[in-house]
Structures are given as C-alpha cells and as structure tokens.
Amino acid sequence: MTETSLRTRFAPSPTGMFHVGGARSALFNWALAQQRSEGRMVLRIEDTDAARNRPEWTEGIVRALAWLGIGEDDPHFEGPYFQSAYADKHRETAQELYKNGRAYYCDCTREQVQERRDNPNLGYDGHCRERGLEPGPGRALRFRVPDGGPTVVEDRIRGRVEFEHSAIEDFVIARADGSPLFVLANVVDDVEMGINQVVRGEEHLSNTPKQQLLWEALGLTPPVWAHLPVIVNEQRKKLSKRRDKVALESYQEEGYLAEAMVNYLMLLGWAPGDDREIMPWSEMVPLFRIEDVNSSSAFFDEKKLRAFNGEYIRALSAEEFAERCRPWLTGDAAPWDPADYDPEVFAAVAPLAQSRVAVLSEIVPNVDFLFLPEPVEDEKSWAKAMKPGVGAEMLEAALSRFADPGLPWTAEDLKTATEETGATLGLKLGKAQAPVRVAVTGRTVGLPLFESLELLGRERVRARLEAALAKLRAQEASASE
C-alpha cells in the first residue's frame, strides 16, 4: 500500500436503525481516509438479504453518516455502492474457484453430517471432497481449505493471530442455486472496489481466515486487517439492540450534538495520548493511529456521553444554542401552541438555560412555563412545596407584596421582596421561594426563579399565584370535610 492509496470501506447491512458500534467503526475508517490525500472511505450497502432491502433503511444509513460529518460533499467519500449490483461477479468468482480446484460441490445435508460426526458441534467432515460432483439441485459449493498449517492474520490492533486449518471446515461459498454466501460476496466486493484496508468489529475476526484464504486462492493480496474491540454496557455485556439504547437516531432525537457524539465515539478504544478528552474532529484526525486502539472491550458510558454533550452545549454561542434548540421549540414537537411561542423571550432566557441542559430536549421542561397558558402539574413538586403552614401563607404574602405598584419588576427586586416576605413568616429564602416557584413554573427545580418571574411578567405571575392559592384552599376545604 502506498502512502496515498488507502481505500477502506464501511459496509453496513440495512436494519432500520444505525447502531452506535457501527458509527464508531465508520468514524475510525473516516479518520484513516482523511489522513491521506488520496484516501477513500467506501460506503457499501450489504443489501443481498431481500427482507432488509428497503430504500428507506439505506437512506437512514446515509442520513446517519451525514449527521456524523461523513458524506458525499467530501472527496474522501465514495458511495453508496450496493452489494446486489455485483451478483454476477459473485457467481463468476465462485465458478472460477470451482474450475481451479479450490472449491467443490457437496450434496450433504446438515443431518447427514451430524449423523456421520455423531456430534452436532463438529463441522463438516470433507465427505464430498473427492467425489467429483457436478453442479446440480441440492448441491452447495464448498471451499477446499488447505490441509495442515495455519492461516496467519496480521491484525493492526491484535497483532499476529493464527488459525489452524484443522479447525476450519470446508465452508460453503455458494448455495445450490448459485447465490453466494456473505464470506464470498464480501471478498469479491472488496476486490472489485480496490479495498486494501478493512477496519471492522471483532465479531468479524472469525470470518477473516476464510476471507484471507479466498483472497489467496484468487491470487490476490489480502487487505490490511484491523478488528475493533467490542462495545459493552454497564454490566460488561456486548451492546444489544434488544436490551440497550444503541440507535444513533435515538440520541440524535434526544438532543445530543453530532460533534459531542463523534468526540465520544472516537474515544471508545482509542485515546489521543495527552490526557485530553474534549477534542474537535479536526484535531483528532491527525493523531489517530489504528495501532493505538486497545483490543480490550470498550464501555459505552451514557453518563459520560451526557457530560460530553453538556460541555459542547455550553461551548455554543447564544445564537447557535438558540438555533440548535429550535426543533424542540417550534413545530409539532413543541407542547405549546405555535402562536404562544415568542423567540425574543426565548433569546432572553436561553443563556440561563444553556448552562443547565445536558441534552437539547431538556430545554422544553426548562422553559415551558413561559409559553404554556398554565404551568404543568407535577404532583411531587406540589406536595413538596405546598406544605401546611407554608404554602398558602407564602402565596398570600407574595401576592400582596408583588401587587405593590412601587415594586420594580426586576429579578433583583423580586428576590429582595421574596426574601423580606419570607422573613415575616420565619422562612429563609430557599423555603420562601419554593411555593412561588411551583405556583409559577409547576416544578421545584428549573431556571433561576427571579429572572423567570421578570420574563413572565407581573400579570401572569399574579394570575398563577392566585390560581395556586385557590387550589390550595380547595384542597384544605376538602380535607376538612
């Protein structure tokens, strides 16, 4: 491989969702491609499974990659290509191996093999190797694994890995109808696309000696191999879509920033080596070396990802933060009437919210009190703040104090007024402001209260305090009956 000729590939199967493990593999490949002037990452869609061959799923893969910053607008990107387009070459190559004596036809059923081996866990026994069968119904094409010795895989992450031929059965490369199995199709596609480096998950390591044998049987030099460590959950079990949150789309929908996700995924098995973790893509690319990837499993820590995302959110300008939040504030996703949303009010409150959200979707519960006709009802918050002897008394006192036309409606003056009002009831500021906060915002936690009151306005604050007080009195009356 010359310094500039690297061609690596990312070859996902359409599944209706884009796995974070696949995203990590794509990014590692992308970093390697971008390091060289003529480096290319080829996107190939493994679409030969008819049940998975849905255009919308392929479109989902392309969208997910584009969100990560991988796409056709970059000269280092090629594709998407489709495995199904190479079907004729798959069949032609299978026949070439047969004619050269590197493959043979076999009509053994699985039951016959198991009966001969007397052990369902043992592989094929080579029964048809010398029978000279011609192509025909019920006859699959098997690759003739060399007798004796090992196949040595030089892995850039794991080093030298040996696979004894005695442990590799004569594997099927084409079904009786001539359609290829993955192991053959994958090799043919890589040959046709000039792939000379393969970076993929370690679950494919067991396929590698078979694929390398096929490359060698075709008289070709195999690509450089690198198998990435498996990604595990908190219980150190491999991430599973049935058990874990693995869909990249779900993180995108929740409000994770692409740049934070890219940064975090790049650190699953690799580190830049200078104790830095928060690092833009442009700085990671020149530092990345596939040889530095750790072969041990990598823990997908959602809490750490969330912390990364919070760091990236706080680094945004106020204008960029407001723009990134827009999908959650407007349109069908917003819980309020579009006419009630005021972008100028949000722009005023955005700096307060920016330091408090870790994902963008959290913006809604932080600002909904500003745009909903009434605050949300949170029973736990209500019960905690509106305790007997505190709730009604503080609401009455606050209503009286806030009604004073001489009270300037500023955050600083509202804080002083609330503190002084609470003191008359023997309450410190923390206790005094709790009933006011819940009455106005619906929750015990949220943005700074007094800045929120200032933005909401005197009349809306008064109306909400009165409504909360009426509700409390009704509850008290009901309890006394």
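Basis of the calculations
- Numbers given for residues are sequential positions, taken from 1 along each chain in its written order.
- Selection of residues for local features in this predicted model requires a pLDDT of at least 70, selection of side-chain atom pairs for listing and counting requires 80 or more, and totals for whole chains, interfaces and linings are taken over all residues.
- Derived side-chain values reflect all non-hydrogen atoms in the structure, with water molecules and hydrogen atoms excluded from consideration.
- One requirement defines pairing of two strands: DSSP has to find at least two bridges between them.
- The numbering of helices and of strands both runs from the N terminus, where a helix is a DSSP run of H or I of at least 4 residues and a strand a run of E of at least 2.
- Axis definition: a line fitted to C-alpha atoms, over the contacting stretch in the case of helices. Angles run 0 to 180 degrees between N-to-C directions.
- To estimate how far a helix should reach, multiply one less than its number of residues by 1.5 Å.
- Buried, partly exposed and exposed residues are distinguished by accessible area as a fraction of the type maximum, computed with a 1.4 Å probe on protein chains only: under 20%, between the cut-offs, and over 50%, respectively.
- UniProt positions are given in the numbering used here, feature names are shortened, and annotations may be inferred rather than shown by experiment.
- Only protein atoms enter the calculation, which uses a 1 Å grid: trapped sets of points that fit a 1.4 Å probe without letting it out are cavities, open sets showing protein on both sides within 12 Å along at least five of seven lines are pockets, and any residue with an atom within 4 Å of a point is a lining residue.
- Two residues form a contact once any of their heavy atoms are found within 4.5 Å.
- Under this rule, positive means Lys or Arg and negative means Asp or Glu; His and the chain ends count for nothing.
- Whenever Lys or Arg places a side-chain nitrogen within 4 Å of a carboxyl oxygen from Asp or Glu, that contact is recorded as a salt bridge.
- Polar contacts here mean pairs of N or O atoms no more than 3.5 Å apart (in protein, one a potential hydrogen donor and the other a potential acceptor; neighbouring residues in sequence count only if both atoms are side-chain atoms).
- Grid points are joined across faces, edges and corners, and a volume is the space filled by probe spheres set on the points.

A.B. asks: Explain the sheet that holds strand β8 (residues 172-174) here, please?
C.D. replies: In sheet architecture, strand pairing relies on hydrogen bonds along the backbone and comes in two forms, parallel and antiparallel. Here we have 3 strands laid out as an open sheet, ordered β4-β5-β8, and antiparallel in their pairing. Looking along the sheet, the strands with just one partner apiece sit at the ends: β4 (103-106) and β8. In this sheet, neighbouring strand axes are inclined to one another by 45 degrees on average, regardless of whether the strands run parallel or antiparallel. Inspection of the sheet shows strand β5 (residues 140-143) paired to β8 by 2 bridges, in the antiparallel sense.

A.B. asks: Help me understand helix α19 (residues 458-480) in this model?
C.D. replies: Residues lying three or four places apart along an α-helix face the same way, a consequence of the helix completing one turn every 3.6 residues. Look at α19: 33 Å from first C-alpha to last across 23 residues, which is about the 33 Å you get at 1.5 Å a residue. Restricting attention to buried positions, one finds in α19 the residues V461, R464, L465, A468, L469 and L472.

A.B. asks: How do you make sense of the UniProt feature "binding site: Zn(2+)" (unreviewed entry) in the chain when you look at a structure like this?
C.D. replies: UniProt annotation of "binding site: Zn(2+)" (unreviewed entry) refers to C106, C108, C128 and E130 when read in the numbering used here. Judged by maximum C-alpha separation, these annotated positions cover 25 residues in sequence but sit close together in space, the widest gap being only 13.3 Å. Among the annotated residues just listed, those that line the second largest pocket are C106 and C108. A relative accessible area of 2% places C106 in the buried class. The contacts of C106, once residues within four sequence positions are left out, are Y124, C128, L133, G138, R139, A140 and R142. Tracing the chain through its elements places C128 in the loop between α4 (110-117) and β5. Accessibility expressed as a relative area gives 1% for C128, which makes it buried. Sequence-distant contacts of C128, that is, excluding residues within four places in its chain, are made with Y104, Y105, C106, D107, C108 and L133.

A.B. asks: What exactly am I supposed to notice about helix α2 (residues 55-68) here?
C.D. replies: When the terminal C-alpha atoms of α2 are compared, their 20 Å separation across 14 residues agrees well with the 20 Å that a helix rising 1.5 Å per residue should span. Close packing links the buried residues of α2 with β1 (7-10), α1 (20-34), β2 (40-45), β3 (77-82), α7 (248-254) and α8 (258-266). Looking one or two residues past α2, G69 carries a phi angle of roughly 100 degrees, positive in sign.

A.B. asks: What am I meant to see in the side chain of D47 here?
C.D. replies: Relative to the elements of secondary structure, D47 occurs in the loop between β2 and α2. Buried within the structure, D47 lacks any salt-bridge partner; R44 is the closest side chain of opposite charge, at an N-O distance of 8.2 Å. Only 3.3 Å separates the side chain of D47 from the backbone nitrogen of Q83, close enough to count as a polar contact. Of the polar contacts made by the side chain of D47, one reaches the side chain of S84; its length is 2.6 Å.

A.B. asks: Teacher, can you tell me more about the UniProt feature "domain: Aminoacyl-tRNA synthetase class I anticodon-binding" (unreviewed entry) in the chain here?
C.D. replies: Here the UniProt-annotated "domain: Aminoacyl-tRNA synthetase class I anticodon-binding" (unreviewed entry) positions come out as residues 320-469. As annotated, residues 320-469 has a helix share of 65% and a strand share of 0%, and its two end C-alpha atoms lie 40 Å apart.

A.B. asks: What's the story with the pairing of β4 in this structure? I'm lost.
C.D. replies: Along any regular strand the residues' side chains alternate between the sheet's two faces. Of the two faces of β4, the one holding A103 and Y105 and the one holding Y104 and C106 are both buried throughout. Sheet topology note: the β4/β5 ladder contains 4 bridges and is antiparallel. Along β5, the bridge assignment pairs A103 with F143.

A.B. asks: In this structure, what is going on with empty space enclosed by the protein? I would like to understand it.
C.D. replies: Gaps left between atoms are located by rolling a probe of water-molecule size over the structure's atoms. All chains considered together, the criterion is met by 1 cavity of 30 Å³ or more. Estimated volume of the largest cavity: approximately 60 Å³. If you go around the largest cavity, the residues you meet are P365, N366, F369, R437, T441, R443, V445, G446, L447 and S452. Looking at the lining of the largest cavity element by element, the count peaks at 3 residues for helix α13 (residues 363-371).

A.B. asks: Sorry, what's going on with unusual backbone geometry here?
C.D. replies: Trans peptide bonds make up most of the peptide bonds, and negative phi angles are found at most residues other than glycine. A cis amide bond links G79 to the next residue, P80, at an omega of 5 degrees. Phi is positive for R236, which is not a glycine, with a value near 65 degrees. Looking at the secondary structure, you find R236 in the loop between β11 (231-232) and α7. Residue R236 is classed as exposed on the basis of its relative accessible area, which comes to 52%. Positive phi is not limited to glycine here, since D275 has a value of about 70 degrees. Along the chain, D275 falls in the loop between α8 and α9 (281-287).

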